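Per-entry structural report
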2 protein chains.
Amino acid sequence: MDFWFEFASTYSYIAAMRVEREAAKAGVAINWRPFLLGPVFASFGWSDSPFNIYPVKGAYMWRDMERLCKDDGITLRRPSIFPRNGLTAARIACIAADEAWAGDFVPAVYTANFARDEDISSWPVLEAIITELGHDVARVRERALSPENKEFLKSQTAEAADCGIFGAPTFSVEKELFWGNDRLAHALRWATS
Amino acid sequence: MDFWFEFASTYSYIAAMRVEREAAKAGVAINWRPFLLGPVFASFGWSDSPFNIYPVKGAYMWRDMERLCKDDGITLRRPSIFPRNGLTAARIACIAADEAWAGDFVPAVYTANFARDEDISSWPVLEAIITELGHDVARVRERALSPENKEFLKSQTAEAADCGIFGAPTFSVEKELFWGNDRLAHALRWATS
């Protein structure tokens, strides 16, 4: 099952914290697929998160996040800046996925943003995570910022749009899309049926 | 628990078909609260359903409806006109709620629209449903179209906006909102905790 996520996305935080555990229970392997929502939102004429453009939706979302995180035992501290730019983190996540450590890196970045209000667009924050996970910062940085990897993230973002993905998180099983953290169980049922 | 619905809303169809059965299992009473999404969407600058404004969302929604209806044993026939105007049906639903037959009327109207592709904005279709349910059409029509009832639906729509409701279906338990058919179980847990 493909797990499509964007680091700025709040509901992707909860999904990122649950997906590996739930998928393992169901016996389903996860492909971590970082992408950027910016181009999708731009195609809708949005230059900001819909939760900022439509404040009534934003108010609901933050309250809902609070309830869901409490239920799932996930710490939530509303970021002082929302949405934060997740471009660099997404580039690193492409490398982490390629090297099979996305399952550690992705939840760590979400936790920095949504539990500790750290600026995940800054290198020091990302470096600390990479180091903590035992990887060589210089090597990862070089791979993440290489022209090939920048192109890879662009093409993965284009692939998301081509698949009909318009929000995050989205779970996909072949051509079937399941949008939203609350559809994880449905996606896993589909993957195993 | 309050069940806020709009007759044009696709996911409200599934919710309307499930809510009474699921609420009964949980021992929760339902208040049927028809309202209009038009004024909410107008406040967002939308003059049509977001599923028409953003076709990629629409494509996802129809495929998702297909899967969900199949799982729940609910017939779905994509309406030839979408969204259909639910104003008159909503006015009648206010009366049905007042007279405690909304639990029969509301699912019947949704079924006409989403399973039989009938024009629920037309009187003959609504009359047939009222008659089938054993109510006097002339009496219901008079109450539904009275100035008091028109005002009541307006004020209920305003109340929805005041509560922070921005989509349908929404379940509310005191000040807590749960948006979407897929949040019914969460709303019921909240109502009984």
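These numbers were taken from a predicted model, which means no experiment stands behind them.

To continue, consider the interface of chain A and chain B. Taken together, the contacts link 12 residues of chain A with 12 residues of chain B. The set of elements that each furnish at least two residues to the side of chain A that touches chain B consists of helix 4 (55-72) and strand 4 (176-179) of chain A. For the side of chain A that touches chain B, the element with the most residues is helix 4 of chain A, which contributes 4 residues. Class assignment for the residues of the side of chain A that touches chain B results in 8 nonpolar, 1 polar and 3 charged.

It is worth spelling out the relation of the copies chain A and chain B at this point. Relative to chain B, chain A is turned by 180° and slid 0.0 Å along the rotation axis, the superposed coordinates differing by an RMSD of 0.0 Å. Put plainly, the chains are arranged around a two-fold axis. Nearest to the rotation axis, the C-alpha of Asp182(A) is located 3.7 Å from it, this being the minimum over chain A.

Turning our eyes to something else, we now look at the environment of Gly38(B). If you trace the backbone, Gly38(B) turns up in helix 2 (residues 38-43). In this structure, the C-alpha to C-alpha distance between Gly38(B) and Thr88(B), residues 50 residues apart in sequence, is 14 Å.

All names here are of chain B. Pairing is mixed in the open sheet, where 4 strands are placed in the order 2-1-3-4. Where the open sheet ends on each side, the last strands, each with one partner, are strand 2 (31-34) and strand 4 (176-179). Averaged over neighbouring strand pairs, the angle between their axes works out to 25° when direction is ignored. Relative to strand 2, strand 1 (residues 2-5) runs parallel, the two sharing 4 bridges. In the sheet register, Phe 3 faces strand 2, and the bridge partner there is Trp 32. Lying over the sheet, helix 10 (residues 184-192) contacts strand 3 (170-173) and strand 4, oriented at roughly 10° with respect to strand 3.

Now for the confidence of the model for chain A. Of the residues in chain A, 100% reach a pLDDT of 70 or more, and the chain-wide mean stands at 97. Under the prediction, the complex receives an ipTM of 0.94, its pTM being 0.95.

Criteria and cut-off values
- Position numbers for residues count from 1 along each chain, tracking the sequence in the order it is written.
- Here chains are named by letter from A upward and ligands by number from 1 upward, in the order in which they appear as written.
- With pLDDT at 70 or above as the cut-off, local features in this predicted model cover only qualifying residues; side-chain atom pairs require 80 or more to be listed or tallied, and sums for whole chains, interfaces and linings still use all residues.
- Once C-beta atoms are placed from the backbone, any two residues with those atoms within 7 Å are in contact.
- For the purposes of this entry, the term helix denotes a DSSP run of H or I that reaches at least four residues, the term strand denotes a run of E that reaches at least two, and both are numbered from the N terminus.
- Ten residue types, Ala, Val, Leu, Ile, Met, Phe, Trp, Tyr, Cys and Pro, are classed as nonpolar, four, Asp, Glu, Lys and Arg, as charged, and the remainder, Gly among them, as polar.
- When the copies are overlaid, the least-squares fit takes in C-alpha atoms only where the residue has pLDDT of at least 70 in both copies.
- Here, any two strands with at least 2 DSSP bridges between them count as paired.
- To get an axis, fit a line to the C-alpha atoms, keeping to the stretch in contact for a helix; angles then go from 0 to 180 degrees between the N-to-C directions.
- A score from 0 to 100, pLDDT tells how confident the predictor is in each residue.

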